[in-house]
Amino acid sequence: MIVQFLGAAQTVTGSMHLVSVNGSRILLDCGLFQGRRAESYERNRTFPFDPSKINAVILSHAHIDHAGNLPNLVKSGFTGPIYSTGATRDLCQVMLYDSAYLQERDIEFLNKRRKDGPPAEPLYTSADVDNTIGQFVGVPYRKSFTVADGVSVKFLDAGHILGSASVLLEIKENRNVLTLGFTGDLGRKDMPILKDPEPMGSPDILISESTYGGRIHEPVADMGKSLLSAVRRTMDRGGKVIIPAFSVGRTQEVVYALFKLFDDEQLSSIPVFVDSPLAVHATDVFRMHPECFDGETLRYLHNDSDPFGFGRLTYIRSVEASKQLNERKGPCVIIAASGMCEGGRILHHLANNVEDPRNTVLIVGFMAEHTLGRRIVERQPEIRIFGEVFRLNAEVVVLNSFSAHAGQDELAGFIGAMDKKKLKQIHLVHGEPAQAEALRTKLKEAGFRDLFIPARGEKAEVRP
Ligand SMILES: [Zn+2]
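Model, not experiment: these values are computed from the prediction.

### A look at the sheet that holds strand β22 (residues 459–461)
The strands making up a sheet associate through backbone hydrogen bonding, with each pair oriented either parallel or antiparallel. One open sheet accounts for seven strands, arranged β6-β5-β4-β3-β2-β1-β22; its pairing is mixed. In this open sheet, the two strands that pair with only one neighbour each are β6 (136–138) and β22. Between one strand axis and the next, the sheet turns by 25° as a mean value, whatever way the strands run. Looking at chain direction, strand β3 (residues 24–28) and strand β4 (residues 56–58) are connected through three bridges and run parallel. Across the sheet, residue L28 finds its bridge partner in β4, namely I58. Packed on one face of the sheet, helix α4 (residues 86–113) meets β5 (82–84) and β6 and runs near 145° to β6.

See below:
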């Protein structure tokens, strides 16, 4: 068996790994690389293999950096099945159309700046998404299914976003059996809404994410407390709380956490706006998949409470209603995408609010290098939005407790439960080099050997 690391190698986006065994080629994830626009377009456009020769795709979850290049794979000749959980399939239906729309907008921008040559075409369009959705096969958690000759797969709860899975492949090659574990993105215990990450047993080879391989998060239990104090402080100043959040996952978690604060009567009388049509659709998908919910969320729903839609919460779809938020006086909470502030309605809300010291920008998600979100986390005194310079006078609060990614101790605990003698290789992916390196050191101290941080294109051969 050969595994080739083709994305999210020494970085956090573009997750894609190719497993070649028994003459079959299986792709784990097919994510979009996200960085500077022109570079990303070129990187995503062409695949380092022939898409028509791929037998199947196994998709860990619906985030765009894991699923977002699937329509281009289909456009480029892939006709096989895309296996995922049912919730991931339904979320992809919402997210990939949104992504197609953004691709078309991006290419308009790039074409305006192109000086010569014919205009470039979008990475994919909604017609490509139509075809892609038709190739999805939804599979329940913990049910083993065959994807190719001698290769069976099982999805386990990853506790990261709705439908997210870690993937366990059992591979029979020349009468030997090997197991390959792929964490996908690993969540945390006791996160709101979702079930906890499930142990993976002891694979022979492990591909693990390492997003926060060098950081220890605040405990999940502090999430409500930190959120409450940031919101109260801003209310006392008469300001607004602006929360950049991905429409799928983080938005629902923040809404859920606010619902709990209202339900416990710790917070009162502040209106909450979710300014994102995509979040509206995604929340509908959440409601369709109670099989992913933990006990607490199910209890709320059984008691006729609705943690995703409550009295003080308004979901905003139209552009007009979104613009009206700018005129609003007095404290409120505004949640909008994109999560890393690279586009979307959040840019308008930041432009309108960052210069006022009464306001708060509340950061609840990972901010990659070179994004506006990262510059806000770094509290740069001046930031650029829509080409204009703004002074960052608003308070910046970073709540790591909201992270949907396991921290160093949680990753080390997850891997630490595995049999050291059986594990032949551990490959750390989906992390910036410093984070992956820190996790490698931690695992080495715990007695693990054969730890790798593969570069893009690197191959690993695994023999029984
Ligand atoms: Zn993810």
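Following the structure, the description resumes.
### Here we look at the environment of G187
Along the chain, the position of G187 falls in the loop between β10 (176–182) and β11 (205–209). For the pair G187 and G214, spaced 27 residues apart in sequence, the C-alpha to C-alpha distance is 15 Å. In contact with G187, other than residues within four places in its own chain, are A158, G159, H160, S164, L194, P197, A404 and A406.

### Digging into the packing of helix α1 (residues 37–45) against α4
Here α1 crosses α4 at 115°, and the two axes come no closer than 11 Å. Crossing angle aside, the handedness with which α1 passes α4 is left-handed. Seen from α1, the contacting residues are R37, A38 and Y41; seen from α4, they are D106, F109 and L110. For the contact of α1 with α4, the per-class residue count stands at four nonpolar, no polar and two charged.

### Observations concerning the packing of helix α13 (residues 408–416) against helix α14 (residues 433–445)
At a minimum axis distance of 10 Å, the contact between α13 and α14 shows a crossing angle of 50°. Taken together, the axis directions place α13 and α14 in an arrangement best described as oblique. Between α13 and α14 lies a crossing of right-handed hand. On α14, the residues touching Q408, L411, A412 and I415 of α13 are A438, L439, K442 and L443.

### Quick look at the domain arrangement of the protein
In many reports, interface size means the accessible area that the parts give up when they come together. For the protein, the assigned domains are domain 1 (2–215 + 404–461) and domain 2 (220–402). Just the C-alpha atoms count here: the centres of domain 1 and domain 2 sit 27 Å apart. Along the lines of polarity and charge, the residues of the side of domain 1 that touches domain 2 split into 14 nonpolar, six polar and seven charged.

### Digging into the nonpolar core
In this structure, V57, I58, L91 and I243 are the most contacted members of the largest nonpolar core, which totals 129 residues. Split by domain, this core shows at least three residues from each of two domains, domain 1 (2–215 + 404–461) and domain 2 (220–402). Aside from chain neighbours lying at most four places away, what touches I58 is I26, L28, Y83, V147, V153 and V167.

### Observations regarding the sheet that holds strand β9 (residues 165–173)
Pairing is mixed in the open sheet, where seven strands are placed in the order β7-β8-β9-β10-β11-β20-β21. At either margin of the open sheet sits one strand with a lone partner, and together these are β7 (145–148) and β21 (451–452). Inspection of the sheet shows β9 paired to β10 by seven bridges, in the antiparallel sense. Residue pairing in the sheet places E170 in a bridge with T179 of β10.

### Quick word on the pairing of strand β2 (residues 16–21)
Sheet topology note: the strand β1 (residues 2–7)/β2 ladder contains five bridges and is antiparallel. Across the sheet, residue Q4 finds its bridge partner in β2, namely L18. With five bridges connecting them, β2 and β3 associate as antiparallel partners. Bridge assignment links S20 to a residue of β3, and that residue is R25. Hairpin remark: β2 followed by β3, antiparallel, with two residues in the connecting loop; positive phi at N22, about 50°.

Rules used throughout
- Residues numbered from 1 in each chain as written.
- Predicted model: local features only at pLDDT ≥ 70, side-chain atom pairs only at ≥ 80, totals over all residues.
- Pairing = 2+ DSSP bridges.
- Helix = DSSP H or I, 4+ residues; strand = E, 2+ residues; numbered from the N terminus.
- Axes fitted to C-alpha atoms, helices over the stretch in contact; angles between N-to-C directions.
- Contact = placed C-beta atoms within 7 Å.
- Left-handed = near helix turned anticlockwise from the far one by under 90°.
- Nonpolar A, V, L, I, M, F, W, Y, C, P; charged D, E, K, R; others polar.
- Parallel < 35°, antiparallel > 145°, perpendicular 65-115°, else oblique.
- Domains from an automatic or database assignment.
- Core = buried A, V, L, I, M, F, W, Y, C linked by C-beta atoms within 7 Å.
- Buried ≥ 20, exposed ≤ 12 C-beta atoms within 10 Å, placed from the backbone.

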